[in-house]
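Topology and contacts: notes
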Amino acid sequence: MRAIVIDDERLARKELITLLNQLETVEVVGEAVNVDDAKEKIEQLQPDVIFLDIQMPEKTGFDLLEELDHVPHVIFTTAYDEYALKAFQVNALDYLLKPVEPKRLEEAINRLIGKIEGFAKSQEAAAGQNQKKLTLEDQVFVKDGDRCWFVRLSNVRLFESDGNYIKVYFDNFKPMIHKSLNALDERLDEKSFFRASRKHIINLGWVEGIEPWFNGGLVVTLRGGDRIEVSRRQAARFKEMMSL
C-alpha cells in the first residue's frame, strides 16, 4: 500500500516513516509538512492511505480532508486525544496517539488491508469504467460548519440543489456542501444515480415507489418517505432505467 506521512514536526515524520518501513505491506511514497504541501503530494502520488496529523500551522488535518476531491484512507496521528470523537465521525480508519506504538500501527495497517481486500471485487468490476466516476462504494467527505462526516455514497439517498449549495440526505442528516448540482452529476455513476430534475439527483437503490404526476411527470418515493418529482423530460428515461 502506498502511503504519505503528513506532519509539521520533522522528528515525528521520521519516526513514523521508520516504523512503516519495517512493514512489508506499506511503501512510504512521500511526506508533507502542511496542508497545502499534502494536497499537492496526494494529487500527484495518489496514495492508498495517509497518516495525518491534526494540529498543523494555518490549516488542520480536517481542513485538508475538506479540500480533497478524492479522499484516501485516513489514519490520524496526533499527540492529543480530544479529537478522537471528531476523527471517528469522519470515519477515520484509526486514531494513533504519539509516540506511535509499533503494535498499534500494525493493527491499523491490518485493518486497512482487510478493508481494501473487501472492496477488491467491486474495484475489479469497475476497472473497465471511467475511474473518475464516483460509485456506490466510494466515500465522500462532507463538512457543514463544525460537523463533518465520511459518507459512503450507497447511504446517500438524495442530493438537492439549494442556490450555490447542495443538500446531502443520509441517515437523519442534511448537511450543505458548496458545489453545483451539475458538477456533481458529472462525477456520479449514472447506473446508480439519476438526475430527476434541475433540483434533484436520486439514488436509484433507494426508490420505493413511482406514481404518475402532472403533465407526464412522475413522483418517486424513496425509502424513508422523501417524495421527489421527476420532470416530464426525464420521466421516459427514468421509466426505461427502472424497467426490466
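Residues numbered from 1 in each chain as written. Predicted model: local features only at pLDDT ≥ 70, side-chain atom pairs only at ≥ 80, totals over all residues. Heavy atoms only, no water.

By the naming in an unreviewed UniProt entry, the protein chain is LytTR family two component transcriptional regulator, taken from Algoriphagus boseongensis.

1. Considerations on the pattern of salt bridges
With the rule as written, the count across this model stands at 16 salt bridges. For Lys167, the salt bridge identified is with Glu160, shortest N-O distance 4.0 Å. Between Arg195 and Asp185 there is a salt bridge, with its nearest N and O atoms 3.5 Å apart. Taken together, the residues Arg195 in strand E11 (residues 193-195) and Asp185 in helix H7 (residues 181-187) connect sequence positions 10 residues apart. What makes Asp185 partly exposed here is its relative accessible area of 28%. (Salt bridge = Lys/Arg side-chain N within 4 Å of Asp/Glu carboxyl O. Helix = DSSP H or I, 4+ residues; strand = E, 2+ residues; numbered from the N terminus. Buried < 20%, exposed > 50% of the residue type's maximum accessible area, 1.4 Å probe, protein only.)

2. Let's talk about the UniProt feature "modified residue: 4-aspartylphosphate" (unreviewed entry) in the protein chain
Per the UniProt record, the feature "modified residue: 4-aspartylphosphate" (unreviewed entry) sits at Asp53. Following the sequence through the fold, Asp53 ends up in the loop between strand E3 (49-52) and helix H3 (61-67). In contact with Asp53, not counting residues within four places along its chain, are Ile6, Asp7, Asp8, Gly61, Thr77, Thr78 and Lys98. (UniProt positions renumbered as here; feature names shortened; annotations may be inferred. Contact = heavy atoms within 4.5 Å.)

3. Remarks on the packing of aromatic side chains
Counted under the stated rule, the structure contains 7 aromatic pairs. Judged by centre distance (5.3 Å) and plane angle (50°), the rings of Trp149 and Phe173 are tilted. Of this pair, Trp149 sits in strand E7 (residues 147-152) while Phe173 sits in the loop between strand E9 (165-170) and strand E10 (176-177); the two residues are 24 residues apart in sequence, bridging distant segments of the chain. For Trp149, a relative accessible area of 10% gives the class buried. Ring centres 6.1 Å apart and planes at 55° place the aromatic pair Phe159 and Phe193 in the tilted group. With Phe159 in strand E8 (residues 156-162) and Phe193 in strand E11, this pair connects stretches of sequence that are 34 residues apart. Accessibility expressed as a relative area gives 4% for Phe159, which makes it buried. Arg223 extends its terminal NZ or CZ atom over the ring of Trp206, reaching a point 4.1 Å from the ring centre. (Phe/Tyr/Trp six-rings, centres within 6.5 Å; stacked < 30°, edge-to-face > 60°. Lys NZ or Arg CZ within 6 Å of the ring centre and 35° of its normal.)

4. Thoughts on the environment of Asn164
Relative to the helices and strands, Asn164 resides in the loop between E8 and E9. Not counting the four nearest positions on each side in its chain, Asn164 is found in contact with Ile177, His178 and Lys179.

5. Some thoughts on a nonpolar patch on the surface
A contiguous nonpolar surface patch, about 230 Å² in accessible area, is contributed by Ile210, Met241 and Met242. The partly exposed category is assigned to Met241, whose relative accessible area is 30%. (Patch = residues over 30% accessible without salt bridge, like charges linked within 9 Å, V, L, I, M, F, W, Y side chains within 5 Å. Areas by Shrake-Rupley, 256 points an atom, 1.4 Å probe, with all protein chains shown as cover.)

6. So, the side chain of Asp226
Checked against the element boundaries, Asp226 lands in the loop between strand E14 (218-222) and strand E15 (227-230). Given the relative accessible area of 17%, Asp226 is considered buried. Here the side chain of Asp226 touches Arg157 through a polar contact of 2.6 Å, side chain to side chain. In contact with Asp226, not counting residues within four places along its chain, are Arg157, Tyr169, Val220 and Thr221. (Polar contact = N/O pair within 3.5 Å; in protein donor to acceptor, adjacent residues only side chain to side chain.)

7. Considering the sheet that holds E15
An order of E13-E14-E15 is seen for the 3 strands of this open sheet, with the pairing classed as antiparallel. Only two strands of the sheet have a single neighbouring strand rather than two, namely strand E13 (207-212) and E15. Taking the axes of each pair of neighbouring strands and ignoring which way they run, one obtains an average angle of 25° across the sheet. Strand direction decides the pairing type here: E14 and E15, joined by 4 bridges, are antiparallel. When the sheet's bridge partners are listed, Val219 is paired in E15 with Glu229. (Pairing = 2+ DSSP bridges. Axes fitted to C-alpha atoms, helices over the stretch in contact; angles between N-to-C directions.)

8. As for the environment of Val142
As for its position among the elements, Val142 is in strand E6 (residues 139-144). Ignoring any residue separated from it by four or fewer positions in sequence, one finds Val142 in contact with Arg147, Cys148, Trp149, Val151, Pro175 and Ile177.

9. Re helix H1 (residues 10-21)
In a regular helix each residue adds 1.5 Å, so 12 residues correspond to 16 Å; H1 covers 16 Å between its end C-alpha atoms and thus fits that length. Restricting attention to buried positions, one finds in H1 the residues Ala12, Arg13, Leu16, Ile17, Leu19 and Leu20. What you see down the axis of H1 is that its buried residues fit within an arc of 160°, all on one side. Turned more than 90 degrees away from the buried face of H1 sit Arg10, Leu11 and Asn21, all of them exposed. (Expected span 1.5 Å × (residues − 1). Arc of directions from axis to C-beta.)

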